[in-house]
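An overview of the molecular structure
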Amino acid sequence: MSMNHDLTTAHKKLRVLVTRPHKQAQPLLRLLQDRGYDILHFPCLSIVPITADSVTGRQCRLRASELDRYQHIIIVSANAATCWLPWVDRYWTQRPMEVHWWAMGEATRYRLQLLDITAQRPNRGDDSEALLASLLPQLKASDRVLIVRGVGGRGAVAEACRAHSVQVDYAECYSRQMPPASQADIACVTDYQPSVILCQSGETLVNFNRMMTRQLGLKQHQIMIVVPSQRVADIAYDLGFGEVKISSSASDQAMCDVLDQGFDILPNGLESPANST
């Protein structure tokens, strides 16, 4: 029997629940479908752009108009690029050449590329720690850094930059919300009984726990979770999830690569990676 046949057979045993927001889920769903996985999409996060006339929206517009005051601009996600760059284009027919753009993750870098912005990615990894390892050696005390993100994101990058006497501002251009789930949605997931849950952020994992754990009729330690970092894995363990696998990043490809590593069947009937973390 060929290795490809073995892999396809293993894929057919897995029921994979995808928790990405509606507008961001299609590339991951296509990747999983092409690999032969049984998939169900149950969004556990909703991305809502900030309105232009809100206090936060006015601040975002101000940051966009002052683009030339910053030496480094960090775009933390593809959502940040999508929500904020249109405001930049309202003020700048040609963006300042002196600005050094940074992208968190390949999807973000690709989105910026589509908008004619060349951005640097961290040398290794897609989290805040990886970004700081690449960014901090390039900072000077006189620099100003702008972080474009969702409302209430992590503060690790700003804290580290400020520790180097660098001024940091935020442009918070979208909010992350827990989407409503109808009884029909919950019943669909309950009937599906997923063997693997893909959670690409800590907030998505927390929302899933709130929305579905009781309704699933499963204990957290029986649910296999794939997460993008040790930080999110720690959240999973704190919530009581016992089967956690960490991917190399939050990218769709990295999440798929974890599933492709091979799985064993647990005594309770759920599938788990042969060498789970």
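Residues numbered from 1 in each chain as written. Predicted model: local features only at pLDDT ≥ 70, side-chain atom pairs only at ≥ 80, totals over all residues. Heavy atoms only, no water.

Below, the discussion takes up the layout of surface pockets. Space inside the second largest pocket adds up to approximately 200 Å³. Around the second largest pocket, the lining residues are Asp89, Trp92, Thr93, Gln94, Arg95, Pro96, Met97, Val99, Trp101, Asp116, Ile117 and Thr118. Residues of the lining of the second largest pocket, tallied by class, amount to 6 nonpolar, 3 polar and 3 charged. (1 Å grid on protein atoms, 1.4 Å probe; cavity = no way out; pocket = protein on both sides within 12 Å on 5 of 7 lines; lining within 4 Å. Points joined across faces, edges and corners; volume = space filled by probe spheres on them. Nonpolar A, V, L, I, M, F, W, Y, C, P; charged D, E, K, R; others polar.)

Quick look at the sheet that holds strand β6 (residues 119-120) now. With mixed pairing, 6 strands are arranged side by side in an open sheet as β3-β8-β7-β4-β5-β6. Each of the sheet's edge strands pairs with one partner strand only, and the pair in question is β3 (46-49) and β6. Taken together, the 4 bridges between β3 and strand β8 (residues 167-177) define a ladder with antiparallel strand orientation. By the bridge assignment for β8, Ser46 is matched with Gln177. Relative to the sheet, helix α5 (residues 106-114) contacts β4 (72-75), β5 (100-103) and β6, its axis offset from that of β5 by approximately 135°. (Pairing = 2+ DSSP bridges. Helix = DSSP H or I, 4+ residues; strand = E, 2+ residues; numbered from the N terminus. Contact = heavy atoms within 4.5 Å. Axes fitted to C-alpha atoms, helices over the stretch in contact; angles between N-to-C directions.)

As a further point, take the pattern of salt bridges. In this structure the tally under the stated criterion is 11 salt bridges. Across the salt bridge formed by Asp252 and Arg20, the nearest N and O atoms sit 4.0 Å from each other. Taken together, the residues Asp252 in helix α11 (residues 252-259) and Arg20 in the loop between β1 (15-18) and α2 (26-34) connect sequence positions 232 residues apart. With relative accessibility at 14%, the residue Asp252 sits in the buried group. On the basis of relative accessibility, which here comes to 22%, the residue Arg20 falls in the partly exposed class. Among the ionic pairs, Arg149 bridges to Glu172, the shortest N-O distance being 2.7 Å. Residue Arg149 is located in strand β7 (residues 144-150), and its partner Glu172 is located in strand β8; the two are separated by 23 residues in the primary sequence. (Salt bridge = Lys/Arg side-chain N within 4 Å of Asp/Glu carboxyl O. Buried < 20%, exposed > 50% of the residue type's maximum accessible area, 1.4 Å probe, protein only.)

Helix-helix packing: each pair is described by the crossing angle between the helix axes and the interaxial distance. Running from N to C, α2 and α11 cross one another at 30°; their axes reach a closest spacing of 10 Å. The orientation of α2 with respect to α11, classified from their angle, is roughly parallel. Remark: the crossing between α2 and α11 carries right-handed chirality. Side by side, α2 and α11 meet where Pro27, Leu28, Leu31 and Leu32 of the first sit next to Asp252, Gln253, Cys256 and Leu259 of the second. Grouping the amino acids of the contact of α2 with α11 by side-chain chemistry returns 6 nonpolar, 1 polar and 1 charged. (Parallel < 35°, antiparallel > 145°, perpendicular 65-115°, else oblique. Left-handed = near helix turned anticlockwise from the far one by under 90°.)

What follows deals with unusual backbone geometry. Only a minority of non-glycine residues have a phi that is not negative, and only a minority of peptide bonds are not trans. Of note, the phi angle at Asp116 is positive, near 65°, even though the residue is not glycine. With a relative accessible area of 69%, Asp116 lands in the exposed category. For Ser165, which is not glycine, the phi torsion reads 65° and is therefore positive. With respect to the secondary-structure elements, Ser165 resides in the loop between α7 (156-163) and β8. The exposed category is assigned to Ser165, whose relative accessible area is 52%.

This part takes up the sheet that holds β1. Spatially, 5 strands are ordered β2-β1-β9-β10-β11 in an open sheet, and the strand pairing comes out parallel. Strand pairing shows two members of the sheet lacking a second neighbour, β2 (38-41) and β11 (243-246), which therefore form its edges. Neighbour-to-neighbour, the strand axes of this sheet turn through a mean angle of 25°, independent of strand direction. In this structure, β1 lies alongside β2, joined through 4 bridges in parallel fashion. Along β2, the bridge assignment pairs Val18 with His41. Each of β1 and β2 touches helix α8 (residues 183-192); the most contacted strand, β2, lies at about 160° to it. Set on the sheet, α11 makes contact with β1, β9 (196-198), β10 (224-227) and β11; between it and β10 the angle comes to about 145°.

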